[in-house]
Structure formats: structure tokens, C-alpha cells
Amino acid sequence: MADNSNTIAGWVLGAGIVALGLSIVSGGIYSADVPETFGYAVEEEASGAAEADAGPAMETLLASADEAKGEAVFKKCVACHTIEVGGANGIGPNLYSIMGRQLASVSGFAYSDSLKEVGGAWTWEQMDAWLKSPKKFASGTKMSFAGLSKPEDRANVLVYMNGQGSNLPLPEAPVIEEAAPEAAGELSEEAAPVPEGGDVVEATAEDEAAAKAAPAEAPAS
């Protein structure tokens, strides 16, 4: 009985060793590399790529801007601003005669330090940038308005605001160069002269050679 027990124990031990060996071998064959960080890197799209070709320049848009449409767009601003002469400051300052005036210069209004630090005057360019995104123009500004994303809306509002006591001259629109005309004397195929009574027939090399070889016509006596 003792001999049978030893034999059984030996078989069990041997089977365990074989199983362990197979586990080690299979693990080496089918092992996979574990990345240091899980997940996939997602590249952010450049936010300014879509703005590279944003259309006409603001100077061009201002030349054809509509003051009446600007007044309609300005209704988004009346919750915080007045624009009539002598209007009171509200959440934002009174905007009468704002164009061309120094930034943060309305008496009695508490401007944010970030806007004071910008300095300069409210030029067409400055006001356009402000209306597009107040937060980008002066980080830390108290103004919570998100801005006007459409250049046409900003152009219309600009001319409306300019008409309320400012009257700055419009900036000059950029000159678009036209393609140079064809050199003088060049005629296209369509412009080639057509003789009366027939179509244009181009002479071949053989025709020219035959004309040269033909005897000259004797003068009439």
C-alpha cells in the first residue's frame, strides 16, 4: 500500500511540474507588451485653421456696411450699454462717441485692470477685435459677452456705433490687383482677321514653296 501511495504522489508531482512548465512556455509565446499609458492620443485640431481664409478684409466690409442692420445687431448690447448722448452707465459704460476715444476713459465707470492695461484708442481694428472676442482682447475683462463671430455683423455694428457721435473716416479698403492685360499686338485666334467671302485658311510649307517656284507673271505690254 505504501508503495502505491508513493507512486501516486510521484505521478501527481510530475503532472504538476509538467503543467507549470507548459504555463511558462505558453506565457512566453503569447505575451503582449503593456503600454506605459493606456488609451490613444487624440490630436487637437488647430482652432485657427478655419479662420485662415475668413473672407473679405474688415476694411472691405466696412465700405458696404449697413448702419440700420448695425442698429438691429446692437440690440444685443442694450441690456448692458446705453449709446445716446448723456446716457447713464449701466453694467457697461455709455458708448456715445466711443470710436476714436481712449480705452477705459468713460468717467465714473469702474473698468477692469486688464482693459486698462491694453491702452490706446478705440480704432476700427481695436473695436473689431473687441467685438469679436472680449475675453481674447483683454483677458480678465468683466464683460461676459461672448462676442460677434460674423464679420458682417461686426462691420454693421461698427458703422452704427461710429455714427453715434464719433464719425471717424472709414479705413481704406485694400486694393485688389488685376491681372495684367495681354501684350499689345497679340491677337487671339478668335480675333484673327477674316477675309471677305471666305474662311481663314492657313498656308502650309508646301504652299509657300510652290509659290516661290512659280515663274513671275510677265508685265502687260
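Analysis parameters
Residues numbered from 1 in each chain as written. Predicted model: local features only at pLDDT ≥ 70, side-chain atom pairs only at ≥ 80, totals over all residues. Heavy atoms only, no water. Phe/Tyr/Trp six-rings, centres within 6.5 Å; stacked < 30°, edge-to-face > 60°. Buried < 20%, exposed > 50% of the residue type's maximum accessible area, 1.4 Å probe, protein only. Core = buried A, V, L, I, M, F, W, Y, C linked by side-chain atoms within 4.5 Å. Helix = DSSP H or I, 4+ residues; strand = E, 2+ residues; numbered from the N terminus. Contact = heavy atoms within 4.5 Å. 1 Å grid on protein atoms, 1.4 Å probe; cavity = no way out; pocket = protein on both sides within 12 Å on 5 of 7 lines; lining within 4 Å. Points joined across faces, edges and corners; volume = space filled by probe spheres on them. Salt bridge = Lys/Arg side-chain N within 4 Å of Asp/Glu carboxyl O. Axes fitted to C-alpha atoms, helices over the stretch in contact; angles between N-to-C directions. Parallel < 35°, antiparallel > 145°, perpendicular 65-115°, else oblique. Left-handed = near helix turned anticlockwise from the far one by under 90°. Nonpolar A, V, L, I, M, F, W, Y, C, P; charged D, E, K, R; others polar.

## A closer look at the packing of aromatic side chains
So, step 1. In the structure shown here, the tally under the stated rule is five aromatic pairs.
So, step 2. Consider the rings of W130 and F137, whose centres lie 5.7 Å apart with planes at 80°: the pair is edge-to-face.
So, step 3. You can call F137 buried: its relative accessible area is 16%.
So, step 4. An aromatic cluster of three or more residues is present, and its members are W122, W130 and F137.

## Some details on the nonpolar core
So, step 1. Core analysis: the biggest nonpolar cluster contains 28 residues, and F74, L115, W122, M127, W130, L158 and M161 have the highest contact counts within it.
So, step 2. Breaking this core down by element, the ones donating at least two residues are helix 2 (58-63), helix 3 (67-74), helix 5 (124-132) and helix 7 (151-162).
So, step 3. Considering each element in turn, this core owes the most residues, six residues, to helix 7.
So, step 4. Once residues within four sequence positions are removed from consideration, M161 is found in contact with F74, I83, L95, I98, M99, M127 and S166.

## What about the layout of surface pockets?
So, step 1. In this structure, the largest pocket encloses a volume near 550 Å³.
So, step 2. Forming the boundary of the largest pocket are 32 residues, of which H81, G92, P93, W130 and M143 lie nearest the centre.
So, step 3. Broken down by element, the lining of the largest pocket gets its largest block of residues, three residues, from helix 5.

## Looking at the pattern of salt bridges
So, step 1. This structure, assessed with the given rule, holds one salt bridge.
So, step 2. Among the ionic pairs, D128 bridges to R154, the shortest N-O distance being 2.6 Å. Here the residue D128 occupies a position in helix 5, and R154 occupies one in helix 7, the gap between them amounting to 26 residues.

## Details of the packing of helix 5 against helix 7
Think of two packed helices as two axes; the pair is described by the angle between the axes and how far apart they sit.
So, step 1. Following both chains from N to C, one finds helix 5 and helix 7 inclined at 125°, their axes separated by 10 Å at the closest point. One finds that helix 5 runs oblique with respect to helix 7. By crossing handedness, the relation of helix 5 to helix 7 is classed as right-handed. Of the residues in helix 7, those in contact with W124, M127, D128, L131 and K132 of helix 5 are R154, V157, L158, V159, M161 and N162.
So, step 2. The class makeup of the residues in the contact of helix 5 with helix 7 is seven nonpolar, one polar and three charged.

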